[in-house]
Amino acid sequence: MPPQFYNENANKLAQQYLSKSFDEVHQSWSQLLPSVIKNAHARILDIGAGSGRDAKHIAQLAAQTHGTENKVQIVAVEPANLLAELGARQTTGLNVKWLTDSLPALSVITKQEVSFDLILLSAVWMHIPVSDRARSIRKLANLLKPGGKLVISLRHGQTIEDRNERKMHTVCVDELKQLASDVGLFTKLETQKESDKLGRDHVSWQTLVLQMPDDGTGAFPFIRHVALNDGKSATHKLALLRVLLRIADGHAGAVLRREPSPFGDRVILPVGLVALYWCHQYKDLIDSHNIFQTPNKNPNMGFMKANGWQKLTHRSASDYRIGNLFTGDDAIALHKTLSAAVSNIKTMPCRYITFPNREANRETNSDNTVFEVASKTVKAKDSIFLDLQTLEQWGEFSLPESTWLAFNRYACWIEPVLVNEWVKTMASYAGNAQYKAPENQYKLAQALNWEEPKRTTVEVRKRFELIQNVLPKDEKIHCVWSAKSLKQKYDIDHSMPFARWPNNDLWNLLPTDSQVNNQKNDRLPTEQKLKAAKERIQHWWQVAWLEPEDQIQKRFFAEANIALPGLSSDNSSVDDLFEALMMQRGRLKEMQQLREW
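All values reported here derive from a predicted model rather than from experimental measurement. (Residues numbered from 1 in each chain as written. Predicted model: local features only at pLDDT ≥ 70, side-chain atom pairs only at ≥ 80, totals over all residues. Heavy atoms only, no water.)

Visitor: Would you take a moment to explain the overall build of the chain for this structure?
Guide: In terms of regular secondary structure, the chain is built from 24 helices and 16 strands. The C-alpha radius of gyration of the chain comes to 26 Å, within 12% of the 25 Å expected for a compact globule of 597 residues. Dimensions of the chain along its principal axes, counting C-alpha atoms only, are 80 × 75 × 45 Å. Burial statistics for the chain: of 597 residues in total, 56% are counted as buried. Sequence-distant contacts, at least 24 apart, represent 74% of the contacts inside the chain between residues at least 6 apart. For the chain, the accessible surface area stands at approximately 25700 Å², while carbon and sulfur atoms represent 47% of it. Mean positive and mean negative side-chain charge positions of the chain (74 and 68 charges, respectively) differ by 4 Å. (Helix = DSSP H or I, 4+ residues; strand = E, 2+ residues; numbered from the N terminus. Rg over C-alpha atoms; globule rule 2.2 N^0.38 Å. Buried < 20%, exposed > 50% of the residue type's maximum accessible area, 1.4 Å probe, protein only. Contact = heavy atoms within 4.5 Å. Areas by Shrake-Rupley, 256 points an atom, 1.4 Å probe, with all protein chains shown as cover. Lys, Arg positive; Asp, Glu negative; His and termini not counted. Charge placed at Lys NZ, Arg CZ, Asp CG, Glu CD.)

Encoded structure:
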């Protein structure tokens, strides 16, 4: 949609839109809305929200339905800033968040890594050129939850003025239905053409309601194909899938950007991060457990070089983590290890994991490989700090957005399949003959345990006690949840429960009253409780990690910017960090159905 026309005519258009009620405009499909709203945690996206009429109605309906228990979130997207300002005034005091974004990219929305129960495009589709429609519908399908609904109204009848000034294009319901079918959506409702509510004789409207039946993206069958059916001369393919799953599940902020392609949008990650997790995964499996990863009895794999991997045998998997600093010979060896891993990932699993039913260029294998690496040469240095910006130096890794979303949303179901197949694959190798019997294969499964950050609060306790000793006597640190003054007896709490999302980053560890922490246990704080604690949480972050100008401040933001959704790699704002924490709370609630406190 061209923002210029809508900005120049914002007041006139807002008055026009608000002259008709939601029920008048959306009568043809509004009977489907209550079933969405009855979910007190529903998330709804209004694209092209304009004057805010529809967002306001939906937010008011949610508030009336749930009262004080209302958690329904409405996100209103409008590319015309002046029109959005008028819309935001309409929804003041309601649970509506306004963002500037537009199809086909919807880059702001997708960066938040959330999905929606309902997406509404009212009077938007005619603004999307034919060349952008396939990408737009793929993007919208990827944003839907299983069972989610996509409502699109189609405007038929455009004047020459409409085409030139408002950049409108001809629309066709059959074209839209075919595009929807191509991405796994089915048609739930198709209305007949209706007259224009504003009395324009040359204009008529039609509504199509599309629905996501389940995962809908085709990602599950593909992942299953690679895990169970694809040939595996070594464990590379399974290793890459698990690495990507771990990044998607634990590092929502790792996405550099999304790019269009003929077969759907692709997610771009720093390939250095993929390599780091690759090394993390193989480190103890090979160095500690001595388990062979290829059919022959050669203990070495392509990335295990004498000047890199072999010089880091004294290191453990837990050293390969975001926020860690390597210096001296270890830093040089790690540089070379990551470079070797990038090369191995590029030439092995990325080359041989292909789409099962897609034609490719025989010489280059282009358009058939699922994962792509654009690598760069990195000169080894005697210091390396592991953060997103550092890991970008090795280049970029690209994967289909549908595969990324499947890993992101369904990690807890996919990972056991990958681990089980990896155990069976290792048990079949000659060098692992002692594990071939089924009763011994549990040892292989144990060796595949992903070494999580240890659930330790020692470092944070030391910082707490140091701060307590230097603060004036009349100034104390307070429990972030209850505001009680903390003295001798206190706990360090994981704000996002470690038992459900193992994250031991500095931003996630907060001082609390022991009794309050016992009440919270492994539950997720409610949205209201987290909001109420904002000032105290940010105060703790400031005094504990941000006032000293040292390496700890750098580590604090490095950990947060990659773990939480929607943050840039160079973010240094605690307000943006807290907003991302709120989003992550919502994601965990939705994806893992955690109990709230």
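Visitor: Just to check I follow, could you spell out unusual backbone geometry for this structure?
Guide: Of all residues except glycine, most have a negative phi; of all peptide bonds, most are trans. In this chain, L103 is followed by P104 through a cis amide linkage whose omega measures 10°. Relative to the helices and strands, P104 resides in the loop between β3 (96-99) and α7 (107-111). Located in the positive-phi region is L106, a residue other than glycine, with phi close to 45°. Turning to its location among the elements, L106 is positioned in the loop between β3 and α7. Phi is positive for A123, which is not a glycine, with a value near 55°. Tracing the backbone through its elements, the reader meets A123 in the loop between β4 (116-121) and α8 (130-143).

Visitor: When you look at the sheet that holds strand β9 (residues 257-259) in this model, what are you seeing that I'm missing?
Guide: Here four strands make up an open sheet; going across it, the order is β9-β10-β14-β12 and the pairing antiparallel. The open sheet terminates on both sides in strands that have one partner only, identified here as β9 and β12 (372-375). On average, each strand axis in the sheet is inclined to that of its neighbour by 25°, with strand direction left out of account. Two elements, β12 and strand β14 (residues 395-400), share four bridges in a ladder whose sense is antiparallel. Within β14, the residue paired with E372 across the bridge is S398. (Pairing = 2+ DSSP bridges. Axes fitted to C-alpha atoms, helices over the stretch in contact; angles between N-to-C directions.)

Visitor: Is there a simple way to think about the nonpolar core in this case?
Guide: In globular proteins that are soluble, nonpolar side chains generally tend to be buried together. Grouped together as the largest cluster of nonpolar side chains are 81 residues, with contacts concentrated most on L240, L269, Y282, F303, F371 and F397. In terms of residue count, the dominant contributor to this core is helix α17 (residues 401-427) (13 residues). The contact partners of Y282, leaving out residues within four places of it in the chain, are T235, H236, A239, D287, Q293, M301, F303, W309 and W422. Ranked by size, the runner-up nonpolar core spans 45 residues in total, among them M126, M168, V183 and W205. (Core = buried A, V, L, I, M, F, W, Y, C linked by side-chain atoms within 4.5 Å.)

Visitor: Looking at this model, I keep getting lost on the packing of helix α22 (residues 534-546) against helix α23 (residues 551-563). Mind explaining?
Guide: Axis angle and axis distance: for two packed helices, these are the angle between their axes and the distance between the axes, and together they describe the pair. Viewed as axis vectors pointing N to C, α22 and α23 meet at an angle of 135°, and their least axial separation amounts to 9 Å. Classed by the angle they form, the pair α22 and α23 counts as oblique. Where α22 abuts α23, its residues W541, W545 and L546 lie against I552, Q553, F556 and F557. A breakdown of the residues in the contact of α22 with α23 according to their chemical character gives six nonpolar, one polar and no charged. (Parallel < 35°, antiparallel > 145°, perpendicular 65-115°, else oblique. Nonpolar A, V, L, I, M, F, W, Y, C, P; charged D, E, K, R; others polar.)

Visitor: Can you walk me through the environment of S343 in this structure?
Guide: Residue placement: S343 occurs in helix α14 (residues 328-347). In the structure, S343 is positioned 161 residues away from N504 in sequence and 30 Å away in space, judged by C-alpha atoms.

Visitor: Explanation requested: helix α12 (residues 236-250) in the structure shown.
Guide: For an α-helix the count is 3.6 residues per turn, leaving residues at separations of three or four pointing the same way. If you check α12, its first and last C-alpha atoms are 21 Å apart, about what 15 residues at 1.5 Å a residue would give, namely 21 Å. Across the 15 residues that make up α12, a large majority, 14, are buried. (Expected span 1.5 Å × (residues − 1).)

Visitor: Looking at this structure, I do not really get the environment of H236. What am I missing?
Guide: When you line up the elements, H236 lands in helix α12. C-alpha of H236 to C-alpha of P349: the two residues are 113 residues apart in sequence and 5.6 Å apart in space. Ignoring sequence-local partners within four residues, the contact set of H236 consists of W278, Y282, M301, N344, M348 and P349.

Visitor: Whenever I open this one, the side chain of S153 confuses me. Can you help?
Guide: By the secondary structure assignment, S153 is in strand β5 (residues 144-156). In this structure S153 comes out as buried when scored by relative accessible area, which is 10%. Of note is the side chain of S153, whose polar atom sits 2.7 Å from the backbone nitrogen of A123. Ignoring sequence-local partners within four residues, the contact set of S153 consists of L121, S122, A123, W125, W205, Q206 and T207. (Polar contact = N/O pair within 3.5 Å; in protein donor to acceptor, adjacent residues only side chain to side chain.)

Visitor: Whenever I open this one, helix α5 (residues 53-66) confuses me. Can you help?
Guide: Over its 14 residues, α5 runs 20 Å from end to end, which matches the ideal 20 Å to within 8%, given 1.5 Å per residue. Residues of α5 that are buried: R53, D54, A55, I58, A59, A62 and H66. Just past α5, the residue G67 takes up positive phi, approximately 60°.

Visitor: Sorry, what's going on with the pairing of strand β10 (residues 266-270) here?
Guide: Looking along a regular strand, one sees side chains alternate from face to face of the sheet. Of all five residues making up β10, five are buried, and the element is well covered by its neighbours. Neither face of β10 is left uncovered, since the one carrying R266, I268 and P270 and the one carrying V267 and L269 both have all their residues buried. Summarising the sheet, β9 and β10 pair through three bridges and their orientation is antiparallel. Note that in β10 the partner of E259 across the bridge is R266. Hairpin connection from β9 to β10: six residues lie between these consecutive antiparallel strands, with G264 at a positive phi of about 120°. Alignment of β10 against β14, held across five bridges, turns out to be antiparallel.

Visitor: I would appreciate a short explanation of the pattern of salt bridges in the present structure.
Guide: Opposite charge on two side chains allows them to pair when their charged atoms are near. Enumeration according to the criterion identifies 28 salt bridges in this entry. Salt-bridge contacts for R461 lead to D491; the nearest nitrogen and oxygen are separated by 3.7 Å. With R461 in helix α19 (residues 458-470) and D491 in strand β15 (residues 491-494), the pair connects residues that are 30 residues apart, well separated along the chain. Here the salt bridges do not stand alone but share partners, grouping E113, R135, K139, R258, D265 and E401 into one network. (Salt bridge = Lys/Arg side-chain N within 4 Å of Asp/Glu carboxyl O.)

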